[in-house]
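# Residue-level structure breakdown
Next come the chains, spelled out residue by residue.
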Amino acid sequence: MDIKENIIESLKLIFFYACVCIFFCFCASVLYMIYTLCQNLVAGQSLSFDFNMFMEGFLLSAPVVFIFGAMMMTFFFIRHPCRSVLPLICYCLLYVSSWLFIIPSVSKVNTTTYETYIEAKTKDMPSAGYFRRNKDKIVYYSYVNELDNSVSGLCIDSNLVENNVYTFSSLKMSHKKTAFTDSLIQNSIAMPPAISITVQKVLELSLVLRKCAMQSFGSFHAFSYWLCFASMGLALLGVIGLRNVSEWRLVNMLIVAMATLAIIVSNILGYVNPVMVGIEKSFNDVFARIGIFKSLCAVGNPFIMLYNIFVFILLLVLFFVFEKNNRNLEDI
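Here we summarise the structure given alongside this text.

We now examine the pairing of strand β3 (residues 150-157). Summarising burial for β3: six of the eight residues are buried, a large majority. Taken together, the eight bridges between strand β2 (residues 137-145) and β3 define a ladder with antiparallel strand orientation. What sits directly across from Tyr 143, in β3, is Ser 152. Between the antiparallel neighbours β2 and β3 lie four residues, among them Asn 149 with a positive phi of about 55 degrees.

This is how it looks when you write it as structure tokens:
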């Protein structure tokens, strides 16, 4: 492949990376906006575009999308095999630049305005004219007074044998500590357990990401703390070494996706799981007693950094092994 074709392949990779990241950021922002609006929606109301919530979703999702950038670019190489060095150099520069500039910059953006805007919105009262299930009761609000949070209506209580249907008037209603205002909306769009767990892990990643990025302000010591966390990007950079594990492209994509998730989840657990944090603290205390690791222990979490470096080296070795095997098969 000559230099012209190498440049074309590199430009295709850059265009693919930009388009995919923009597309997923936009989709994630829209979904976040809709789901957040639905949490305060009551039956009978309609949704409308909210720019503040859209930007809140963008600032939350963009760093996560770029973290998965190495996996997406590896999918590109699986679909469009390339033996030259220039596209691989472009791959490394794109992903490293994302971790050095885009991810920390977006994570540091002050989202207080958007969070304050969302928290300041009071929950609406459930609308009248609908039957709602409340545990073992079915409640119908015939009148809702938003001024004093009082409701009037009908209640059907299945726990009562006699007089299980009764009316109530001017009953004070306190807001439940739930994400949704209206149980009818919650029952309609509540996330399945698998999706709920996935969203929870993404939120944990965003929280850890923001915490580490905000600590990178100020001195070089503080910036080193961010670099310690950003070593996860180095491990993720190595997933390209798994692009030729099998002759089946779909199998390769599945392996790359599983490896990416394993690296991200293990790093998240290293910051939020009490057991993992305890193990890391024990190792870090041992590292601190060794002269060569004293300065490393002062910049954050050396255990996580060494773990990510080890994963990167392992994946780099696999990269050269599988590349050599593929070239030998082509020669045959």
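There's plenty left to go through after this.
Another point: the packing of helix α2 (residues 51-67) against helix α3 (residues 69-79). Orientation of α2 relative to α3, taken along the N-to-C sense of each, is 45 degrees, at an axis distance of 4 Å. The orientation of α2 with respect to α3, classified from their angle, is oblique. Contacts from Val 65, Phe 66 and Ile 67 of α2 reach α3 at Gly 69, Ala 70 and Met 72. Residue composition of the contact of α2 with α3, by class: five nonpolar, one polar and no charged.

Following the sequence through the fold, Val 85 ends up in the loop between α3 and α4 (86-108). C-alpha separation for the pair Val 85 and Ser 10, spaced 75 residues apart in sequence, amounts to 10.0 Å.

This part covers helix α9 (residues 249-272). Compared with the 34 Å implied by 1.5 Å per residue over 24 residues, the 35 Å span of α9 between its first and last C-alpha is a close match. When α9 is considered as a whole, its buried residues turn out to be Asn 252, Val 256, Ala 259, Thr 260, Ile 263, Ile 264, Ser 266, Asn 267, Ile 268 and Gly 270.

In terms of nonpolar packing, the biggest core is built from 52 residues, with Ile 67, Tyr 91, Tyr 95, Trp 99 and Met 232 touching the most fellow members. The residues touching Met 232, leaving out its near neighbours within four places in the chain, are Ile 67, Trp 99, Leu 205, Ile 263, Ile 264, Asn 267 and Asn 308. Among the nonpolar cores identified, the runner-up in size contains seven residues, and Met 125, Val 139, Val 144 and Val 151 belong to it.

Here strand β1 (residues 131-134) pairs with β2 via four bridges, running antiparallel. Residue pairing for β2: Phe 131 is matched across the bridge by Tyr 140. Turn length for the β1-β2 hairpin, with the two strands adjacent in sequence and antiparallel, is two residues, and the turn residue Lys 135 shows positive phi of about 60 degrees.

Take a nonpolar patch on the surface next. On the surface, a nonpolar cluster with roughly 720 Å² of combined accessible area is contributed by Ile 3, Ile 7, Leu 11, Ile 14, Val 85, Leu 86, Ile 89 and Leu 93. Of all the secondary-structure elements, those providing two or more residues to the nonpolar patch are α1 (3-39) and α4. With four residues, the top contributor of residues to the nonpolar patch is α1. Mapped onto the secondary structure, Ile 14 falls in helix α1.

Right, let's get into the packing of aromatic side chains. With the rule as written, the count across this model stands at 11 aromatic pairs. When the ring of Phe 131 is compared with that of Tyr 140, the centres are 4.7 Å apart and the planes differ by 40 degrees; the resulting orientation is tilted. For Phe 131, a relative accessible area of 48% corresponds to the partly exposed category. With a centroid separation of 6.3 Å and 80 degrees between ring planes, the pair formed by Tyr 141 and Phe 168 is classed as edge-to-face. Of this pair, Tyr 141 sits in strand β2 while Phe 168 sits in strand β4 (residues 165-172), and the two are 27 residues apart along the sequence. Using a relative accessible area of 11% as the deciding quantity, one classes Tyr 141 as buried. Through successive ring pairs, a cluster of aromatic residues spans Phe 16, Phe 76, Phe 77 and Tyr 91.

Rules and cut-offs
Residues numbered from 1 in each chain as written. Predicted model: local features only at pLDDT ≥ 70, side-chain atom pairs only at ≥ 80, totals over all residues. Heavy atoms only, no water. Buried < 20%, exposed > 50% of the residue type's maximum accessible area, 1.4 Å probe, protein only. Helix = DSSP H or I, 4+ residues; strand = E, 2+ residues; numbered from the N terminus. Pairing = 2+ DSSP bridges. Axes fitted to C-alpha atoms, helices over the stretch in contact; angles between N-to-C directions. Parallel < 35°, antiparallel > 145°, perpendicular 65-115°, else oblique. Contact = heavy atoms within 4.5 Å. Nonpolar A, V, L, I, M, F, W, Y, C, P; charged D, E, K, R; others polar. Expected span 1.5 Å × (residues − 1). Core = buried A, V, L, I, M, F, W, Y, C linked by side-chain atoms within 4.5 Å. Patch = residues over 30% accessible without salt bridge, like charges linked within 9 Å, V, L, I, M, F, W, Y side chains within 5 Å. Areas by Shrake-Rupley, 256 points an atom, 1.4 Å probe, with all protein chains shown as cover. Salt bridge = Lys/Arg side-chain N within 4 Å of Asp/Glu carboxyl O. Phe/Tyr/Trp six-rings, centres within 6.5 Å; stacked < 30°, edge-to-face > 60°.

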